[in-house]
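These are the residues of each chain, in order.
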Protein chains: 2
Amino acid sequence: MNERTNQRINRRWVLAERPKGMIEARHFRLEEVPIPELEADGEILVRNLYLSMDPTQRGWLAYDTYLPAVAIGEVVRSGAVGLVEASRNPEFAVGDLVQGLFGWQDYARILATGPGKPTKLVPGVPIPLAMSALGMTGITAYFGLLDVGRPKAGETVVVSGAAGATGSIVGQIARIKGCRTVGIAGGKAKCDWLVGEAKFDAAIDYKSEKVGVRLRELCPDGIDVYFDNVGGELLDLALARLAMRGRVVLCGAIAAYNDTDLRPGPKNYSNLIIKRGRMEGFLVFDYMKRAPEAVMELWGWIQSGEIHHRVDVKEGLENAPDTLRRLFLGENTGKQLLKIAE
Amino acid sequence: MNERTNQRINRRWVLAERPKGMIEARHFRLEEVPIPELEADGEILVRNLYLSMDPTQRGWLAYDTYLPAVAIGEVVRSGAVGLVEASRNPEFAVGDLVQGLFGWQDYARILATGPGKPTKLVPGVPIPLAMSALGMTGITAYFGLLDVGRPKAGETVVVSGAAGATGSIVGQIARIKGCRTVGIAGGKAKCDWLVGEAKFDAAIDYKSEKVGVRLRELCPDGIDVYFDNVGGELLDLALARLAMRGRVVLCGAIAAYNDTDLRPGPKNYSNLIIKRGRMEGFLVFDYMKRAPEAVMELWGWIQSGEIHHRVDVKEGLENAPDTLRRLFLGENTGKQLLKIAE
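In this text the structure is predicted, and so the values were computed from the model without any measurement.

## Side note on the overall build of chain A
Phase 1 of the analysis: A count of helical and extended segments in chain A gives 10 helices and 15 strands.
Phase 2 of the analysis: A compact globule built from 342 residues would reach a C-alpha radius of gyration of about 20 Å, and chain A, at 21 Å, matches this within 12%.
Phase 3 of the analysis: Expressed as a percentage of the 342 residues in chain A, the buried residues total 46%.

## Observations regarding the interface of chain B and chain A
When the parts of a complex come together, some accessible area is lost, and that lost area is often taken as the interface size.
Phase 1 of the analysis: Taken residue by residue, the interface counts 26 residues in chain B and 27 residues in chain A.
Phase 2 of the analysis: Looking at the side of chain B that touches chain A, the elements that each hand over two or more residues are helix 8 (271-274) and strand 13 (278-281) of chain B.
Phase 3 of the analysis: The dominant element in the side of chain B that touches chain A, judged by the number of residues it contributes, is strand 13 of chain B, at four residues.
Phase 4 of the analysis: Of the residues belonging to the side of chain B that touches chain A, the class tally is 13 nonpolar, six polar and seven charged.

## A few points about the relation of the copies chain B and chain A
Phase 1 of the analysis: Overlaying chain B on chain A yields an RMSD of 0.0 Å, the required transformation being a rotation through 180° with an accompanying axial translation of 0.0 Å. As the rotation angle and translation indicate, the two copies are arranged about a two-fold axis. Closest approach to the rotation axis among the C-alpha atoms of chain B is made by Gly265(B), whose C-alpha sits 2.0 Å away.
Phase 2 of the analysis: When you check the interface residues of chain B against chain A, 100% turn up at the interface there too, and the contact is symmetric in its surfaces.

## Considerations on the pairing of strand 5 (residues 97-100) of chain A
Residues and elements named next belong to chain A.
Phase 1 of the analysis: In the sheet, strand 4 (residues 80-87) pairs with strand 5 via four bridges, with the strands oriented antiparallel. Looking at strand 5, one finds that alanine 80 is bridged to glycine 100.
Phase 2 of the analysis: Bridge count for strand 5 against strand 7 (residues 119-120) is two bridges, and the pairing is antiparallel. Along strand 7, the bridge assignment pairs glutamine 99 with threonine 119.

## Things to note about the sheet that holds strand 11 (residues 223-228) of chain B
Phase 1 of the analysis: In space, the 12 strands of this open sheet follow the order 10(A)-9(A)-8(A)-11(A)-12(A)-13(A)-13(B)-12(B)-11(B)-8(B)-9(B)-10(B), with mixed pairing throughout. In this open sheet, the two strands that pair with only one neighbour each are strand 10 (202-205) of chain A together with strand 10 (202-205) of chain B. For this sheet, the mean inter-axis angle between neighbouring strands, taken without regard to orientation, is 15°.
Phase 2 of the analysis: Its contacts with the sheet place helix 5 (residues 188-196) of chain A against strand 9 (180-185) and strand 10 of chain A, and it is angled at close to 170° to strand 10 of chain A.
Phase 3 of the analysis: This element, helix 5 (residues 188-196) of chain B, spans strand 9 (180-185) and strand 10 of chain B of the sheet and lies at about 170° to strand 10 of chain B.

## Focus on the domain arrangement of chain A
Residue and element names in this part refer to chain A.
Phase 1 of the analysis: Split by domain assignment, chain A resolves into domain 1 (9-131 + 310-339) and domain 2 (136-285).
Phase 2 of the analysis: Taken over C-alpha atoms, the centre of domain 1 sits 29 Å from the centre of domain 2.
Phase 3 of the analysis: Taken together, the contact between domain 1 and domain 2 spans 15 residues of the former and 13 residues of the latter.
Phase 4 of the analysis: Here the side of domain 1 that touches domain 2 gets three residues from one element, more than from any other, and that element is helix 1 (residues 56-62).
Phase 5 of the analysis: The residue makeup of the side of domain 1 that touches domain 2, split by class, is five nonpolar, seven polar and three charged.

Calculation criteria
- Residues numbered from 1 in each chain as written.
- Chains lettered and ligands numbered in written order.
- Predicted model: local features only at pLDDT ≥ 70, side-chain atom pairs only at ≥ 80, totals over all residues.
- Helix = DSSP H or I, 4+ residues; strand = E, 2+ residues; numbered from the N terminus.
- Rg over C-alpha atoms; globule rule 2.2 N^0.38 Å.
- Buried ≥ 20, exposed ≤ 12 C-beta atoms within 10 Å, placed from the backbone.
- Contact = placed C-beta atoms within 7 Å.
- Nonpolar A, V, L, I, M, F, W, Y, C, P; charged D, E, K, R; others polar.
- Least-squares fit on C-alpha atoms with pLDDT ≥ 70 in both.
- Pairing = 2+ DSSP bridges.
- Axes fitted to C-alpha atoms, helices over the stretch in contact; angles between N-to-C directions.
- Domains from an automatic or database assignment.

Have a look at this one:
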């Protein structure tokens, strides 16, 4: 509500300039527009409460990937959880908590039908948990590790970005499945958390340790599954250390997301021949029909204390660009969220 | 037989210097030594008739791969077919035609037991055929394409090194399985053979055409299976053009075998994420127990004329280094063999 005019205002961040290199404030513009009115059957009006900050957003801002690029002047695409404030859709009632791609704005008018239909939150699950370990990142970790990586008990699983939202869950699922787990993260605090709280068998601090040397020490029989969130040099070091029939799960490549040019690829890829290895990419969207499997099992592990997770919550829609930057600067600890309303 | 001394002589090429970069004459030394005598039960003496020239030999000369590197002073490792001249092994009789890793020499003393045991040739199959389309290269093509690449009828299969011993068989099996086939080879003569004789749907001459542009034209729906014998820039162009759930079969990387340093890897590897793609290496040795499956089916296709193959035979043991070089200069047309005795 704008107090002077009584006009209800929707603040929204739009893409002002297509980023090359690291994202900066100037790439975005904060606008104030009237809150949208519902115009067609099937639509709902959502009041956003939390925005999800995800590395994949960097790609959306730059080029067509598995989704078309965000257009200049368009609201910045983002996962979010919000409250239904108005509905012309019999499946959604005012007061429902819903999750979807609602964007960086206070209010979103959403056509709540078809493949992009919002999902309702499971009652009783805290919103930050529903957006992290029980949300996309947890589901990503679950299917990426188990369906693509297919670890067997006794194998060695190495995770990059291990203190991140996805990586931390990957390592803990691997441990539950009987694997030896090694996490790679930046800084002593993250590594301490990995070993102390998340019960990884070992952690490598890529900022202060020689990763290649440490991988040799910690994985004397090689790496059976490398779950890669990072790309770059770490991927090359992991390929060099791959065990016979090792698998590389390509989840992301955050090291390269803000590069201006494509960096050289993994020069050790041909070790995949010698080791009869497999490198495979995946996207969580392909698994959404099976999401309940993952959520049920993750929920059990979280309640029993077998999986720890961390959520890093900042506040205020005005801080959205800076909060997204935290991912690429390695400043977040666990899932990065931005709370924009109570 | 040395005519002056009546001493029977074994000529053999040993590794004189570990090659860096392109292999040259100075990396090898031709020695004359007495023909070995059998010393233990289980051994056989083989008179080599044909040597097999294979890109993978370049790796064996340089470093430990899936086999230990050839030592300095050791006979150059090589596949071969020969005649048993003496035997202290009840499984092998004098006069048997056998195939195995007998090396660049006239005579090989072989312990014919255990995993490296020679195999006997199927009677009636010409030796060059048993060393090419019905030998390792045919078996490599068969399992690499069908077991790793898993093409489905109607899909588009692209092969690099398509006029080579393995690649030419890969494309023809893919065509038999109902796929659209595109071969990449160097020079008009090879490309004409691919389309005219081997019945590929199309061929790209990487020496005179823009491969990326041609792949776009010829694979409008993307590449479902890329069978890679070459690596390097072609692999990158194929990754960029990968279809949804596309597969890259890593069979070899001949482009890089004579490099002195590891060249940058495929910078488009992260397209494997967007396309949910898989890149997987394999070695034919893992499939040897299933070799009869491949040989039976390939033999049928060769007899019915559905598969054409070419063998490029040079002569004389003294020409072994030069004949191996032909592979890396792209001079061979089909399987390269060296005949060293009648």
